[in-house]
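Close look at the chain arrangement
Next come the chains, spelled out residue by residue.
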Amino acid sequence: LFRSEYYELNNVEFLGHLSNETIWDHFHGLLLPSRSEGFPLVVQEAMSASRIVITTFSGGSDEVIKDGVNGFISEIDQDEFELAMERCWNAQNNWADIATEAYKTINEFLPDNPSSNILDQIEKLTFGTIDDSVNPANQFNSVNPAKLFL
């Protein structure tokens, strides 16, 4: 039996695995009622795909999501989450603007090249400066590796 048949759900369709490239073609938004989590990658993916996110104040989502502006956010509480979903439904005439703002926000929040950004930060913390003319690998010869990590 399919899950929808097992649970006798007539208005739910389980699509199975979808690739990252196609998943947002099927959905207008993301519901994420998390109680505890790091900053969720799925929130970043949804916003990057210009989708509306409804989530909770867990994992730092409130650093990028401004309620009613680029998504919807609530306390970690079932009743509060239902209210966030209701606010979203009531704002359906503004969904295109909210989705556009979500896209803009996440692209301003995330660096263009996260790998390079992390390496720059490591170099700055390790050597006190970022100097593109110096090969950081050579500088490790004079650094005590035991002092690089806690």
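Attention now moves to the packing of aromatic side chains. Within the structure shown, the criterion is met by one aromatic pair. Judged by centre distance (6.0 Å) and plane angle (65°), the rings of Trp-89 and Trp-95 are edge-to-face. Its relative accessible area of 28% is what places Trp-95 among the partly exposed residues.

Our next topic: helix 4 (residues 95-109). With 15 residues, helix 4 extends 21 Å between its outermost C-alpha atoms, agreeing within 8% with the 21 Å of an ideal straight helix rising 1.5 Å per residue. Listing the buried residues of helix 4 in full gives Ile-98, Ala-99, Ala-102, Thr-105 and Ile-106. Burial along helix 4 is one-sided: seen end-on, the buried residues are contained in an arc of 125°. Among the exposed residues of helix 4, those oriented more than 90 degrees off its buried face are Ala-96, Asp-97 and Glu-108. For helix 4, the elements touching its buried residues are helix 2 (41-48), strand 2 (52-56) and strand 3 (72-74).

On the surface, Tyr-6, Tyr-7, Leu-9, Val-12 and Phe-14 cluster together into a nonpolar patch covering about 520 Å² of accessible area. Along the chain, Val-12 falls in the loop between helix 1 (3-6) and strand 1 (29-32). What makes Val-12 partly exposed here is its relative accessible area of 34%.

This next bit is on the packing of helix 2 against helix 4. Viewed as axis vectors pointing N to C, helix 2 and helix 4 meet at an angle of 125°, and their least axial separation amounts to 7 Å. With respect to helix 4, the element helix 2 is oriented oblique. Of helix 4, the residues touching helix 2 (which contributes Gln-44, Met-47 and Ser-48) are Ala-102, Tyr-103, Thr-105 and Ile-106. Along the lines of polarity and charge, the residues of the contact of helix 2 with helix 4 split into four nonpolar, three polar and no charged.

Turning our attention to the sheet that holds strand 1. One key point about sheets: their strands pair by backbone hydrogen bonds, in either a parallel or an antiparallel sense. Taken in spatial order, the three strands line up as 1-2-3 in an open sheet, and their pairing is parallel. Single-partner strands in this sheet number two, and they are strand 1 and strand 3. For this sheet, the mean angle separating the axes of adjacent strands, direction not counted, is 5°. Two strands pair when backbone bridges link them, and strand 1 and strand 2 are joined in this way by four bridges, in the parallel orientation. Bridging across to strand 2, Leu-30 finds its partner in Val-53. Across the face of the sheet, helix 2 comes into contact with strand 1 and strand 2 while running at roughly 160° to strand 1. Contacts between helix 3 (residues 78-90) and the sheet are confined to strand 1, strand 2 and strand 3, with strand 3 contributing the most and set at about 160° to the helix.

For the rest of this paragraph, the subject is the pairing of strand 1. Alternating residues of strand 1 divide into Leu-30 and Leu-32, all buried, and Gly-29 and Leu-31, none buried. One crossover worth recording links strand 1 to the parallel strand 2 by way of helix 2, and it is right-handed.

What follows concerns helix 3. It helps to recall that an α-helix has 3.6 residues per turn; residues three or four apart then point in one direction. Look at helix 3: 18 Å from first C-alpha to last across 13 residues, which is about the 18 Å you get at 1.5 Å a residue. Turning to helix 3, its buried residues number three or more, namely Phe-81, Ala-84 and Cys-88. All buried residues of helix 3 lie within an arc of 55° about the axis, which places them on one face of the element. For helix 3, the exposed residues set more than 90 degrees away from the buried face come down to Asp-79, Trp-89 and Asn-90. The secondary structure elements touched by the buried residues of helix 3 are strand 1, strand 2, strand 3 and helix 4. The opening residue of helix 3, the one whose side-chain oxygen lies 3.0 Å from the backbone nitrogen of Asp-79, is Asp-77.

Analysis parameters
- Residues numbered from 1 in each chain as written.
- Predicted model: local features only at pLDDT ≥ 70, side-chain atom pairs only at ≥ 80, totals over all residues.
- Heavy atoms only, no water.
- Phe/Tyr/Trp six-rings, centres within 6.5 Å; stacked < 30°, edge-to-face > 60°.
- Buried < 20%, exposed > 50% of the residue type's maximum accessible area, 1.4 Å probe, protein only.
- Helix = DSSP H or I, 4+ residues; strand = E, 2+ residues; numbered from the N terminus.
- Expected span 1.5 Å × (residues − 1).
- Arc of directions from axis to C-beta.
- Contact = heavy atoms within 4.5 Å.
- Patch = residues over 30% accessible without salt bridge, like charges linked within 9 Å, V, L, I, M, F, W, Y side chains within 5 Å.
- Areas by Shrake-Rupley, 256 points an atom, 1.4 Å probe, with all protein chains shown as cover.
- Salt bridge = Lys/Arg side-chain N within 4 Å of Asp/Glu carboxyl O.
- Axes fitted to C-alpha atoms, helices over the stretch in contact; angles between N-to-C directions.
- Parallel < 35°, antiparallel > 145°, perpendicular 65-115°, else oblique.
- Nonpolar A, V, L, I, M, F, W, Y, C, P; charged D, E, K, R; others polar.
- Pairing = 2+ DSSP bridges.
- Right-handed = clockwise from strand over helix to strand, strands pointing away.
- Polar contact = N/O pair within 3.5 Å; in protein donor to acceptor, adjacent residues only side chain to side chain.

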